[in-house]
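Secondary and tertiary structure notes
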Amino acid sequence: MTRGEQSKIYYKPFYTRDDFSDERYSPVFTPKAYSGQKVSMSIYLDQWGGNETMGIAPYVRLAKSRKDLIQGYIKLVDQQWIQIEFTIPDTEGELIDEVGIVLESYSTRKPKSLGRIFIDEFRISGKADYSIDFRKRRMSFGRVTPFSHNHGAWSLEDGRMYLMTAEPSEAYAGSYFARDYTVSVTLSPQIGDSHLVAVRAQGAMRGYHAGFDGENRIALYINDFGFKKLAECAYPWRFDQDYDLTVTAQGNTITVDINGERVLQHQDDTFQYGMFGVSTLSAARTYYGPIRFTEL
């Protein structure tokens, strides 16, 4: 490589339809890297030629806009391991589909940079803190990224995710092994009695579901191969109105807040981890606006 030339070396934590040549089956993907997490790696330079050592810059790429968020260049040291660590920045509602480094040469054309680098102990770890902006989402394999859907007709309308269903339906996202976290959803009920947020969901047959449940009621359900109501309270909700519904799972306590007001709290230790999502227990139509997920 000569001065100004670059090469990207990356791990791919998320895939979309554009990454495939056919669709004889329809996979469902959820990212494995999120804002707030730390990326670390060790890099060793073995440079054989050139009048300057190589430089690298950690980066992540946004899946929809294809924009690289570069963290700043670091000059490598020949014959020495360098420890690299950075925090994935706020992607402002977009998904991440590349995590890695940009390798750049600083040598002039003669002599050009020649050699090799080694990468070891690459890790993505720590607590995630990110948002889902549906204005920056698209349909992929018939799904609203990054969700997997169970029943219902799901689509993107006016910058929100929209559910229309005649039966119980769910949409799940996030890490299967997330434990303590808060998920906030801007939710607008249109038709039906059930409009819920799921936490610690371990598939379609296990998890907690909390939210609007019948006229002027809030409820918390557990799904353990069948739904059972754990707690409920009165709350005067209306159709075609936005509500900020926040559900927190911390330890054995599940809490529900609506528009910043604590409305329900219950303790249950059946499930200690799982995905988050949105759901309904009956026929419904619902709009879902921005979502915020924060690990505690």
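Above: the structure in question.
Residues numbered from 1 in each chain as written. Predicted model: local features only at pLDDT ≥ 70, side-chain atom pairs only at ≥ 80, totals over all residues. Heavy atoms only, no water.

**Description of the sheet that holds strand β2 (residues 38-49)**
The strands making up a sheet associate through backbone hydrogen bonding, with each pair oriented either parallel or antiparallel. Strand order in the open sheet formed by three strands is β6-β2-β8, and the pairing between neighbours is antiparallel. This sheet does not close on itself; its edge strands, each paired only once, are β6 (81-87) and β8 (114-125). Within this sheet the neighbouring strands show an average axis-to-axis angle of 20 degrees, counted without direction. (Pairing = 2+ DSSP bridges. Helix = DSSP H or I, 4+ residues; strand = E, 2+ residues; numbered from the N terminus. Axes fitted to C-alpha atoms, helices over the stretch in contact; angles between N-to-C directions.)

**Things to note about the side chain of Asn-223**
Looking at the element boundaries, Asn-223 is found in strand β19 (residues 217-224). Residue Asn-223 is classed as buried on the basis of its relative accessible area of 1%. From its side chain, Asn-223 meets the backbone oxygen of Ala-204 in a polar contact 2.9 Å long. A polar atom in the side chain of Asn-223 sits 3.1 Å from the backbone nitrogen of Gly-226. Beyond its immediate chain neighbours, meaning those up to four positions away, Asn-223 contacts Ala-204, Met-205, Arg-206, Gly-207, His-209 and Phe-271. (Buried < 20%, exposed > 50% of the residue type's maximum accessible area, 1.4 Å probe, protein only. Polar contact = N/O pair within 3.5 Å; in protein donor to acceptor, adjacent residues only side chain to side chain. Contact = heavy atoms within 4.5 Å.)

**Quick notes on the environment of Gln-241**
Along the chain, Gln-241 turns up in the loop between β20 (227-234) and β21 (243-250). For Gln-241, a relative accessible area of 27% corresponds to the partly exposed category. Placed 14 residues apart in sequence, Gln-241 and Phe-227 show a C-alpha to C-alpha distance of 27 Å. Discounting chain neighbours no more than four positions away, the residues touching Gln-241 are Leu-187, Ser-188 and Pro-189.

**Some details on a nonpolar patch on the surface**
A surface patch of nonpolar side chains, amounting to about 300 Å² of accessible area, comprises Ile-9, Tyr-11, Ile-119 and Phe-122. Contributing elements (two or more residues each) for the nonpolar patch: β1 (6-11) and β8. Mapped onto the secondary structure, Ile-9 falls in strand β1. (Patch = residues over 30% accessible without salt bridge, like charges linked within 9 Å, V, L, I, M, F, W, Y side chains within 5 Å. Areas by Shrake-Rupley, 256 points an atom, 1.4 Å probe, with all protein chains shown as cover. Salt bridge = Lys/Arg side-chain N within 4 Å of Asp/Glu carboxyl O.)

**Structural notes on the layout of surface pockets**
Over the atoms rolls a probe the size of a water molecule, and in doing so it shows where empty space is left. Considered as a void within the structure, the largest pocket measures approximately 210 Å³ in volume. Every residue lining the largest pocket is counted, 13 residues in all, and those nearest its centre are Pro-31, Tyr-34, Gln-37, Gly-174 and Ser-175. When grouped by side-chain class, the residues that make up the lining of the largest pocket number seven nonpolar, four polar and two charged. (1 Å grid on protein atoms, 1.4 Å probe; cavity = no way out; pocket = protein on both sides within 12 Å on 5 of 7 lines; lining within 4 Å. Points joined across faces, edges and corners; volume = space filled by probe spheres on them. Nonpolar A, V, L, I, M, F, W, Y, C, P; charged D, E, K, R; others polar.)

**Topic: the packing of aromatic side chains**
Using the criterion set out here, one finds 25 aromatic pairs in the structure. Look at Phe-276 and Phe-293: their rings are 5.1 Å apart centre to centre, the planes differ by 25 degrees, and that puts the pair in the stacked class. Residue Phe-276 is located in strand β24 (residues 275-280), and its partner Phe-293 is located in strand β25 (residues 284-295); the two are separated by 17 residues in the primary sequence. The pair formed by Phe-276 and Phe-293 is uniform in burial state, with each residue classed as buried. (Phe/Tyr/Trp six-rings, centres within 6.5 Å; stacked < 30°, edge-to-face > 60°.)

**A few points about the pattern of salt bridges**
Any two side chains of opposite charge can pair if their charged atoms end up close together. Enumeration according to the criterion identifies 19 salt bridges in this entry. Glu-98 is the partner of Lys-8 in a salt bridge, and the nearest nitrogen-oxygen pair spans 3.1 Å. In this pair, Lys-8 sits in strand β1 while Glu-98 sits in strand β7 (residues 96-104), placing the two residues 90 residues apart along the sequence. Exposure remark for Glu-98: the relative accessible area of 3% places this residue in the buried category. Measuring nitrogen to oxygen at the nearest pair gives 3.1 Å for the salt bridge that ties Asp-213 to Lys-229. Of the two residues, Asp-213 sits in strand β18 (residues 206-213) while Lys-229 sits in strand β20, which places them 16 residues apart along the sequence. On the accessibility criterion, Asp-213 (12% relative accessible area) is buried.

**Looking at unusual backbone geometry**
The residue after Thr-145, namely Pro-146, is reached through a cis peptide bond having omega 5 degrees. When you line up the elements, Pro-146 lands in the loop between β11 (143-144) and β12 (148-150). One non-glycine residue with positive phi stands out, namely Phe-225, at about 60 degrees. Topologically, Phe-225 is positioned in the loop between β19 and β20. A relative accessible area of 56% means that Phe-225 is categorised as exposed.

**Structural notes on the pairing of strand β13 (residues 153-157)**
Inspection of the sheet shows β13 paired to strand β14 (residues 160-165) by five bridges, in the antiparallel sense. The residue of β14 that forms the bridge with Ala-153 is Met-164.

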